[in-house]
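Working through the structure, step by step
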Amino acid sequence: MTGGARGLGRGIATVLAREGADIVVADLAVAEAQDTLTAVEEEGRRALVVETDVTDTRSAERCIQETITRLDGVDILVNNAGVVGGHLGEQVTAEDWDACFAVNVKGPWIMGRALLSHFKQRGGGKVVNISSIGGREGVPMFPNYSASKAALINLTQAQALDWARYHVNVNAVCPGLIWTQMWRLIESHAERERGRASEDRAMFERFVRKLTALGREQTPEDVGHAVAFLASEEARNITGQSLNVDGGIKFD
(Lines give C-alpha, C1' and ligand atoms only; values in the text may rest on other atoms or scores of the structure.)
Protein backbone atom coordinates (compact mmCIF):
# COMPACT_ATOMS: atom_id res chain seq x y z
CA MET A 1 0.00 0.00 0.00
CA THR A 2 1.14 3.52 -0.70
CA GLY A 3 1.33 6.17 2.00
CA GLY A 4 1.39 3.60 4.78
CA ALA A 5 4.04 5.18 6.98
CA ARG A 6 1.74 7.01 9.37
CA GLY A 7 -1.80 7.92 10.39
CA LEU A 8 -4.53 6.67 8.10
CA GLY A 9 -2.18 4.42 6.15
CA ARG A 10 -0.85 2.75 9.28
CA GLY A 11 -4.38 2.09 10.51
CA ILE A 12 -5.39 0.53 7.19
CA ALA A 13 -2.24 -1.61 7.09
CA THR A 14 -2.83 -2.89 10.61
CA VAL A 15 -6.41 -3.91 9.88
CA LEU A 16 -5.40 -5.68 6.64
CA ALA A 17 -2.66 -7.55 8.50
CA ARG A 18 -5.17 -8.58 11.14
CA GLU A 19 -7.31 -9.98 8.32
CA GLY A 20 -4.38 -12.07 7.06
CA ALA A 21 -2.56 -9.87 4.54
CA ASP A 22 1.18 -9.39 4.24
CA ILE A 23 1.92 -5.69 3.79
CA VAL A 24 4.29 -3.67 1.67
CA VAL A 25 4.57 -0.04 2.77
CA ALA A 26 5.44 2.01 -0.31
CA ASP A 27 6.34 5.45 1.00
CA LEU A 28 9.00 8.15 0.96
CA ALA A 29 8.90 8.39 4.77
CA VAL A 30 10.98 5.26 5.30
CA ALA A 31 11.94 5.99 8.91
CA GLU A 32 8.32 6.48 10.01
CA ALA A 33 7.28 3.40 8.05
CA GLN A 34 9.26 1.24 10.46
CA ASP A 35 6.51 1.70 13.05
CA THR A 36 3.97 0.40 10.55
CA LEU A 37 6.23 -2.55 9.83
CA THR A 38 6.33 -3.32 13.55
CA ALA A 39 2.53 -3.06 13.86
CA VAL A 40 2.06 -5.49 10.97
CA GLU A 41 4.56 -7.98 12.34
CA GLU A 42 2.83 -7.85 15.73
CA GLU A 43 -0.26 -9.15 13.90
CA GLY A 44 1.81 -12.13 12.76
CA ARG A 45 2.20 -11.08 9.14
CA ARG A 46 5.18 -10.31 6.94
CA ALA A 47 5.98 -6.67 6.24
CA LEU A 48 8.28 -4.85 3.86
CA VAL A 49 9.13 -1.16 3.49
CA VAL A 50 10.06 0.07 0.02
CA GLU A 51 11.01 3.68 -0.56
CA THR A 52 8.66 4.77 -3.31
CA ASP A 53 7.73 8.00 -5.09
CA VAL A 54 4.25 7.34 -6.49
CA THR A 55 4.61 10.22 -8.96
CA ASP A 56 7.60 8.54 -10.63
CA THR A 57 6.97 5.62 -12.99
CA ARG A 58 10.37 3.99 -12.48
CA SER A 59 10.07 4.20 -8.71
CA ALA A 60 6.62 2.59 -8.84
CA GLU A 61 7.83 -0.18 -11.13
CA ARG A 62 10.80 -0.91 -8.85
CA CYS A 63 8.45 -1.13 -5.88
CA ILE A 64 6.15 -3.59 -7.65
CA GLN A 65 9.05 -5.74 -8.82
CA GLU A 66 10.65 -5.86 -5.36
CA THR A 67 7.30 -6.80 -3.83
CA ILE A 68 6.75 -9.60 -6.33
CA THR A 69 10.28 -10.90 -5.77
CA ARG A 70 10.24 -10.82 -1.97
CA LEU A 71 6.59 -11.63 -1.21
CA ASP A 72 5.77 -13.87 -4.18
CA GLY A 73 3.17 -11.61 -5.73
CA VAL A 74 0.58 -8.90 -5.22
CA ASP A 75 -3.16 -9.41 -4.79
CA ILE A 76 -4.26 -6.00 -3.46
CA LEU A 77 -3.21 -2.42 -4.20
CA VAL A 78 -4.27 0.28 -1.74
CA ASN A 79 -3.58 3.78 -3.05
CA ASN A 80 -3.50 5.82 0.13
CA ALA A 81 -0.67 8.31 -0.52
CA GLY A 82 -2.08 11.82 -0.55
CA VAL A 83 -1.25 15.48 0.03
CA VAL A 84 -3.32 18.61 0.69
CA GLY A 85 -0.92 21.36 -0.38
CA GLY A 86 0.62 23.97 1.86
CA HIS A 87 -1.86 26.83 1.61
CA LEU A 88 -5.57 27.50 2.09
CA GLY A 89 -8.28 29.43 0.28
CA GLU A 90 -7.06 32.48 -1.64
CA GLN A 91 -3.46 31.62 -0.76
CA VAL A 92 -3.54 28.28 -2.66
CA THR A 93 -0.77 28.30 -5.27
CA ALA A 94 -0.27 26.64 -8.62
CA GLU A 95 2.32 24.46 -6.89
CA ASP A 96 -0.36 23.30 -4.43
CA TRP A 97 -2.57 22.28 -7.35
CA ASP A 98 0.26 20.45 -9.09
CA ALA A 99 1.22 18.57 -5.92
CA CYS A 100 -2.35 17.41 -5.24
CA PHE A 101 -2.95 16.15 -8.74
CA ALA A 102 0.50 14.56 -9.02
CA VAL A 103 0.17 12.54 -5.80
CA ASN A 104 -3.61 12.12 -5.39
CA VAL A 105 -4.54 11.32 -9.00
CA LYS A 106 -1.49 10.62 -11.13
CA GLY A 107 0.05 8.51 -8.33
CA PRO A 108 -2.79 5.94 -8.22
CA TRP A 109 -2.80 5.81 -12.01
CA ILE A 110 0.96 5.16 -12.12
CA MET A 111 0.80 2.48 -9.42
CA GLY A 112 -2.16 0.76 -11.06
CA ARG A 113 -0.54 0.78 -14.48
CA ALA A 114 2.68 -0.64 -13.03
CA LEU A 115 0.74 -3.51 -11.44
CA LEU A 116 -1.78 -4.31 -14.17
CA SER A 117 0.35 -6.80 -16.12
CA HIS A 118 0.97 -8.75 -12.90
CA PHE A 119 -2.76 -8.81 -12.15
CA LYS A 120 -3.37 -10.13 -15.66
CA GLN A 121 -0.91 -12.97 -15.07
CA ARG A 122 -2.51 -13.83 -11.70
CA GLY A 123 -6.01 -13.80 -13.13
CA GLY A 124 -7.24 -10.77 -11.22
CA GLY A 125 -6.72 -8.49 -8.25
CA LYS A 126 -8.20 -5.75 -6.09
CA VAL A 127 -7.50 -2.01 -6.13
CA VAL A 128 -8.82 0.29 -3.40
CA ASN A 129 -8.26 4.01 -3.82
CA ILE A 130 -8.51 6.27 -0.78
CA SER A 131 -10.48 9.33 -1.85
CA SER A 132 -12.36 11.64 0.55
CA ILE A 133 -15.73 13.15 1.32
CA GLY A 134 -14.02 16.19 -0.17
CA GLY A 135 -14.29 14.39 -3.48
CA ARG A 136 -18.07 14.19 -3.04
CA GLU A 137 -18.57 17.85 -2.20
CA GLY A 138 -16.12 20.73 -2.28
CA VAL A 139 -14.34 21.46 0.99
CA PRO A 140 -13.97 25.18 1.81
CA MET A 141 -10.39 26.46 1.63
CA PHE A 142 -9.14 23.29 -0.15
CA PRO A 143 -10.24 23.59 -3.82
CA ASN A 144 -7.14 21.79 -5.08
CA TYR A 145 -7.54 18.89 -2.64
CA SER A 146 -11.29 18.52 -3.28
CA ALA A 147 -10.86 18.60 -7.04
CA SER A 148 -8.11 15.97 -6.93
CA LYS A 149 -10.18 13.63 -4.76
CA ALA A 150 -13.18 14.03 -7.09
CA ALA A 151 -10.87 13.15 -9.97
CA LEU A 152 -9.75 10.04 -8.08
CA ILE A 153 -13.36 8.88 -7.79
CA ASN A 154 -13.72 9.35 -11.55
CA LEU A 155 -10.46 7.47 -12.17
CA THR A 156 -11.78 4.64 -10.00
CA GLN A 157 -14.88 4.35 -12.17
CA ALA A 158 -12.88 4.43 -15.41
CA GLN A 159 -10.37 1.82 -14.28
CA ALA A 160 -13.15 -0.43 -13.03
CA LEU A 161 -14.65 -0.46 -16.53
CA ASP A 162 -11.32 -0.85 -18.31
CA TRP A 163 -9.99 -3.62 -16.05
CA ALA A 164 -13.11 -5.69 -15.48
CA ARG A 165 -12.11 -7.94 -18.38
CA TYR A 166 -9.03 -8.93 -16.36
CA HIS A 167 -11.08 -9.67 -13.21
CA VAL A 168 -9.64 -6.64 -11.41
CA ASN A 169 -12.03 -4.89 -9.04
CA VAL A 170 -11.41 -1.17 -8.55
CA ASN A 171 -13.22 0.69 -5.79
CA ALA A 172 -12.71 3.72 -3.56
CA VAL A 173 -13.24 4.58 0.09
CA CYS A 174 -14.12 8.15 1.04
CA PRO A 175 -13.10 8.89 4.65
CA GLY A 176 -14.89 11.60 6.57
CA LEU A 177 -13.53 13.60 9.51
CA ILE A 178 -10.23 12.07 10.60
CA TRP A 179 -7.64 14.01 12.59
CA THR A 180 -4.94 14.29 9.94
CA GLN A 181 -2.35 16.73 8.68
CA MET A 182 -5.07 18.55 6.71
CA TRP A 183 -6.93 19.42 9.91
CA ARG A 184 -3.72 20.51 11.63
CA LEU A 185 -3.18 22.88 8.70
CA ILE A 186 -6.73 24.25 9.02
CA GLU A 187 -6.34 24.88 12.74
CA SER A 188 -2.96 26.56 12.25
CA HIS A 189 -4.47 28.80 9.58
CA ALA A 190 -7.35 29.73 11.89
CA GLU A 191 -4.90 30.63 14.63
CA ARG A 192 -3.02 32.97 12.29
CA GLU A 193 -6.27 34.58 11.11
CA ARG A 194 -7.40 35.27 14.68
CA GLY A 195 -3.95 36.26 15.85
CA ARG A 196 -4.15 33.94 18.82
CA ALA A 197 -3.72 30.26 19.62
CA SER A 198 -6.68 27.93 19.93
CA GLU A 199 -7.07 24.72 21.83
CA ASP A 200 -5.67 21.81 19.84
CA ARG A 201 -8.39 20.06 17.75
CA ALA A 202 -11.04 22.56 18.89
CA MET A 203 -12.25 23.44 15.39
CA PHE A 204 -12.06 19.82 14.27
CA GLU A 205 -14.21 18.65 17.16
CA ARG A 206 -16.79 21.38 16.49
CA PHE A 207 -17.08 20.16 12.91
CA VAL A 208 -17.50 16.58 14.10
CA ARG A 209 -20.37 17.55 16.42
CA LYS A 210 -22.01 19.76 13.83
CA LEU A 211 -21.72 17.67 10.68
CA THR A 212 -21.78 13.97 11.59
CA ALA A 213 -25.06 12.22 12.31
CA LEU A 214 -23.31 9.80 14.66
CA GLY A 215 -21.54 12.66 16.42
CA ARG A 216 -18.10 11.08 16.42
CA GLU A 217 -14.93 11.30 14.38
CA GLN A 218 -13.80 8.51 12.11
CA THR A 219 -10.65 6.52 12.83
CA PRO A 220 -8.01 5.00 10.56
CA GLU A 221 -9.28 1.59 11.67
CA ASP A 222 -12.83 2.47 10.53
CA VAL A 223 -11.44 3.11 7.07
CA GLY A 224 -9.30 -0.02 7.28
CA HIS A 225 -12.34 -2.22 7.81
CA ALA A 226 -13.98 -0.77 4.69
CA VAL A 227 -10.80 -1.36 2.69
CA ALA A 228 -10.55 -4.94 3.97
CA PHE A 229 -14.11 -5.63 2.84
CA LEU A 230 -13.60 -4.20 -0.66
CA ALA A 231 -10.37 -6.17 -0.97
CA SER A 232 -12.04 -9.42 0.09
CA GLU A 233 -13.71 -12.18 -1.88
CA GLU A 234 -17.05 -11.11 -0.36
CA ALA A 235 -16.81 -7.97 -2.53
CA ARG A 236 -15.97 -9.83 -5.74
CA ASN A 237 -19.06 -8.46 -7.50
CA ILE A 238 -18.51 -4.85 -6.42
CA THR A 239 -16.51 -2.57 -8.69
CA GLY A 240 -16.47 1.09 -9.68
CA GLN A 241 -18.00 2.12 -6.36
CA SER A 242 -17.05 4.75 -3.77
CA LEU A 243 -17.95 3.97 -0.16
CA ASN A 244 -18.30 6.79 2.36
CA VAL A 245 -16.95 6.11 5.85
CA ASP A 246 -18.01 9.40 7.37
CA GLY A 247 -20.40 8.92 10.29
CA GLY A 248 -23.30 10.23 8.21
CA ILE A 249 -21.97 13.65 7.25
CA LYS A 250 -24.41 16.30 6.04
CA PHE A 251 -23.02 19.60 4.78
CA ASP A 252 -26.41 21.39 4.69
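Higher on the page you've got the structure.
Anyway, here's the lowdown on the structure attached to this text. The structure displayed is predicted, hence computed values, not measured ones. (Residues numbered from 1 in each chain as written. Predicted model: local features only at pLDDT ≥ 70, side-chain atom pairs only at ≥ 80, totals over all residues. Heavy atoms only, no water.)

**Quick notes on the nonpolar core**
Ile12, Leu16, Ile23, Ile130, Val173, Val223 and Val227 are the most contacted members of the largest nonpolar core, which has 28 residues in total. Where this core is concerned, the elements lending two or more residues are helix 1 (7-18), strand 1 (23-27), helix 2 (30-42), strand 2 (47-51), strand 4 (125-130) and helix 8 (220-230). Take this core: its biggest share by element is six residues, from helix 1. Those residues in contact with Val223, other than ones at most four positions away along the chain, are Leu8, Ile12, Ile130, Val173, Pro175, Ile178 and Val245. Core analysis: the second largest hydrophobic core is formed by 18 residues, Ala81, Ile110, Ala114 and Phe119 among them. (Core = buried A, V, L, I, M, F, W, Y, C linked by side-chain atoms within 4.5 Å. Buried < 20%, exposed > 50% of the residue type's maximum accessible area, 1.4 Å probe, protein only. Helix = DSSP H or I, 4+ residues; strand = E, 2+ residues; numbered from the N terminus. Contact = heavy atoms within 4.5 Å.)

**Remarks on the pairing of strand 2**
With four of five residues buried, strand 2 lies mostly within the body of the structure. As defined by bridge partners, strand 1 adjoins strand 2 across five bridges and the pair is classed as parallel. Paired with Val24 across the strands is Leu48, a residue of strand 2. (Pairing = 2+ DSSP bridges.)

**Quick look at the sheet that holds strand 3 (residues 76-79)**
Overall, parallel pairing links the four strands, which are arranged 3-4-5-6 in an open sheet. Across the chains shown, the open sheet's two edge strands, defined by having one partner strand only, are strand 3 and strand 6 (242-245). Strand-to-strand, the axes of this sheet are offset by a mean angle of 20°, without reference to chain direction. Pairing of strand 4 with strand 5 (residues 168-175) involves six bridges; the strand directions are parallel. Residue pairing across strands places Val127 opposite Val170, the latter belonging to strand 5. Packing against the sheet, helix 4 (residues 94-122) makes contact with strand 3, strand 4 and strand 5, and its axis sits at approximately 175° to strand 3. The strands touched by helix 5 (residues 143-163) within the sheet are strand 4, strand 5 and strand 6, with strand 5 carrying the most contacts at an inclination of about 165°. (Axes fitted to C-alpha atoms, helices over the stretch in contact; angles between N-to-C directions.)

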